[in-house]
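# Structural characterization, general
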Amino acid sequence: MKFQVPRGTRDILPGEVERWHWLEERTRAAMALYGYREVRTPIFEATELFVRSVGESTDIVRKELYTFQDRKGRSLTLRPEGTAPLVRAYLENPPLRAESPARLYYMGPMFRYERPQAGRYRQFWQIGAELLGSAQPEADAEMIDLFRAILSDVGLKSVTVLLNSLGDSVCRPRYREAIREYFKKHVDRLCGDCKERLETNPLRILDCKVPSCAPVIAGAPSVLDSLCAECAEHFEAVKRSLAGLGIAYEVDPRLVRGLDYYTRTVFEIHAAGLGAQNAVGGGGRYDQLVKDFGGPETPAIGFSIGMERLLLAVGDSAVPPPQGPDVCVIALEPGAQVEAQALARSLRGQLTEPETRRALRVMVDVAGRSANAQMKWASKIAARWAVFVPKGPEGYAVRDMAAGKDEAKQPSDEDLRRWLLGRRDLVESPR
Ligand code: AMP
């Protein structure tokens, strides 16, 4: 019997996984610079959590949830997004609320039963940040600035920020009715899904990608024309803040996003080279969600970035190439294998040493290869140096594999380690 990776999922293998590590490190560093702290929530939650927040009539809840019953008959769902779990955790854990606004982030896999295509998976990874406890437009600006900082830190400079406002509980219902009236008049020209959306969620029609719907959508009234005075002022203030930070944006009154909890500001960042799936990520305000979950009035805003998409947009050039080990210890005769393994261990040093730079990456054969085969292997895995055991009368023989030349013999383990570390510092660019 042959097993295959489930449809819409993939293995991330060595060679590629280094790019993920790099992205994760960069992102964590950017989050720390802005004072955001990580929360790790479970992969699954009560189904109701997503139905209530993402929205019953959204595609995610209607068609894309991975829902199952556990042995006690509880309905659980693999998380399709990270905001609802984080808000749940925020309400459940007082320490998270100790500081207001709270600045939090998450990073991890999400699950949606979508039709797989380039850049779209059933298990995909998101990085997300949330700022809970501020209704100020400066919070919106900080979010978009942080999003941009992450992208720019991984080398993605040419991006487009799309900005819109969806209004609040005062003006959104008015807009929803206006657009329902409008689309009703053109119902014959709408696709099947949009006909359904007309009843359940008319705003989502604006997001329809079916070509025949496009001309109808183009003529629809703009949400920005129906904002109430407070929402309009908030939107203007966000734009002023962005301008103050030198962040260019385009107002896109058709931007609605696929989750129901958004209020006021919504945004997306697009990058070139991603084809149809060109949104690296997006987010928006969700001023009612904490309250809807039974918490106190807590206006909030967040975003999420698709990690596969981001890596696709970044390409290979920005990512440092994977490195081989610093050293391969070569056992010149079968009886020297134990000595080789012991030397490898002592050369590695301790990762817990205050400076991890004092640790060397050392590999040693455990497959019973001949000395010759060990040398071939050392060069295949791009080891910087080979060190030979047993030690000769003048010490350890060392070979620079990259330059193909023998180095001075090193009398003791300590001399060898110091020499290798010193040379490596010369070779490596300073960190
Ligand atoms: P959303 O949570 O739908 O706002 O999506 C935020 C970002 O997550 C998108 O812009 C994509 O980059 C990424 N994303 C969403 N769905 C998928 C998917 N099925 N596969 C890969 N990335 C996705």
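As a reminder, the structure under discussion sits directly above these lines.
Keep in mind that what you see is a predicted model, and the values were worked out from it rather than measured.

## Section: the overall build of the protein chain
Counting its secondary structure elements, the protein chain contains 15 helices and 16 strands. Here the C-alpha radius of gyration of the protein chain, 28 Å, is well above what a compact globule of 431 residues would show, namely 22 Å. Looking at the protein chain as a whole, 49% of its 431 residues qualify as buried. One finds the centroid of the 61 positive side-chain charges in the protein chain at a distance of 3 Å from the centroid of its 58 negative side-chain charges.

## Quick notes on the sheet that holds strand S3 (residues 66-69)
The strand order across the open sheet formed by three strands is S2-S4-S3, and the pairing between neighbours is antiparallel. Two strands bound the open sheet, and with one partner strand each, they are strand S2 (44-46) and S3. The mean angle between the axes of side-by-side strands here comes to 35°, regardless of whether they run parallel or antiparallel. Across four bridges, S3 lies against strand S4 (residues 75-78) in antiparallel orientation. Counted as the bridge partner of Thr67 is Thr77 from S4. Relative to the sheet, helix H2 (residues 47-54) contacts S2, S3 and S4, its axis offset from that of S2 by approximately 75°.

## With respect to the site of the ligand
Neighbouring the ligand are 14 residues, the closest being Arg112, Glu114, Tyr121, Arg257 and Val280. Within the contact set of the ligand, a nitrogen atom lies 2.8 Å away from a backbone nitrogen or oxygen of Tyr121. Here an oxygen atom of the ligand sits 3.2 Å away from a polar atom, N or O, in the main chain of Ala279. Calculation on the ligand without its partners gives an accessible area of 480 Å², and the protein chains cover 92% of this total. Looking at the shell around the ligand, the elements with two or more residues in it are strand S6 (123-132), strand S10 (279-285) and strand S11 (300-306). The element that contributes the greatest number of residues to the shell around the ligand is S10, accounting for three residues. Here the residues of the shell around the ligand are counted per class, giving four nonpolar, five polar and five charged.

## What to know about helix H14 (residues 371-380)
Because each turn of an α-helix spans 3.6 residues, side chains separated by three or four positions end up pointing in the same direction. Along H14, the residues classified as buried are Gln374, Trp377 and Ala378. Buried residues in H14, looked at end-on, bunch into an arc of 100°, giving them a common side. Pointing more than 90 degrees away from the buried face of H14 are the exposed residues Asn372, Lys376 and Lys380. Where H14 is buried, its residues contact strand S12 (327-331) and strand S13 (362-364). Of the residues flanking the end of H14, it is Ala382, one or two places downstream, whose phi is positive at about 60°.

## Considerations on the side chain of Arg180
By secondary structure assignment, the location of Arg180 is in helix H7 (residues 172-185). A relative accessible area of 15% means that Arg180 is categorised as buried. When neighbours within four sequence positions are excluded, Arg180 is seen to be in contact with Leu198, Glu199 and Pro202.

## So, the sheet that holds strand S14 (residues 385-392)
Read across the sheet, five strands follow the order S13-S12-S14-S15-S16 without closing on themselves; strand pairing throughout is mixed. Each having just a single partner strand, S13 and strand S16 (405-406) make up the two edges of the open sheet. Across five bridges, S14 lies against strand S15 (residues 395-400) in antiparallel orientation. Bridge pairing links Ala386 to Arg399 in S15. Helix H13 (residues 337-348) rests against S12, S13, S14 and S15 of the sheet, and its axis sits at about 170° to S13. Relative to the sheet, H14 contacts S12, S13, S14 and S15, its axis offset from that of S12 by approximately 170°.

## Overview of the pairing of strand S5 (residues 102-111)
Across the ten residues that make up S5, a large majority, nine, are buried. Note: strand S1 (residues 37-38) against S5, two bridges, orientation parallel. Paired with Arg37 across the two strands is Leu104, which belongs to S5. In the sheet, S5 pairs with S6 via ten bridges, with the strands oriented antiparallel. Note on S6: the bridge partner recorded for Ala102 is Leu132.

## Digging into the side chain of Thr77
Position of Thr77 relative to the elements: it lies in strand S4. Thr77 sits in the buried class, given a relative accessible area of 0%. Within polar-contact distance, the side chain of Thr77 engages the side chain of Thr47 at 2.8 Å. Excluding residues within four positions of it along the chain, Thr77 makes contact with Ile43, Phe44, Glu45, Thr47, Phe50, Leu65, Tyr66 and Thr67.

## With respect to the pattern of salt bridges
Under the criterion given, the structure shown has 32 salt bridges. Put simply, Arg285 and Asp140 hold a salt bridge, and the shortest N to O gap is 2.8 Å. Note that Arg285 is positioned in strand S10 and Asp140 in helix H6 (residues 137-153), a separation of 145 residues in sequence. Like Arg285, the residue Asp140 is buried in the burial classification.

Conventions and cut-offs
Residues numbered from 1 in each chain as written. Predicted model: local features only at pLDDT ≥ 70, side-chain atom pairs only at ≥ 80, totals over all residues. Heavy atoms only, no water. Helix = DSSP H or I, 4+ residues; strand = E, 2+ residues; numbered from the N terminus. Rg over C-alpha atoms; globule rule 2.2 N^0.38 Å. Buried < 20%, exposed > 50% of the residue type's maximum accessible area, 1.4 Å probe, protein only. Lys, Arg positive; Asp, Glu negative; His and termini not counted. Charge placed at Lys NZ, Arg CZ, Asp CG, Glu CD. Pairing = 2+ DSSP bridges. Axes fitted to C-alpha atoms, helices over the stretch in contact; angles between N-to-C directions. Contact = heavy atoms within 4.5 Å. Near = heavy atom within 4 Å. Polar contact = N/O pair within 3.5 Å; in protein donor to acceptor, adjacent residues only side chain to side chain. Areas by Shrake-Rupley, 256 points an atom, 1.4 Å probe, with all protein chains shown as cover. Nonpolar A, V, L, I, M, F, W, Y, C, P; charged D, E, K, R; others polar. Arc of directions from axis to C-beta. Salt bridge = Lys/Arg side-chain N within 4 Å of Asp/Glu carboxyl O.

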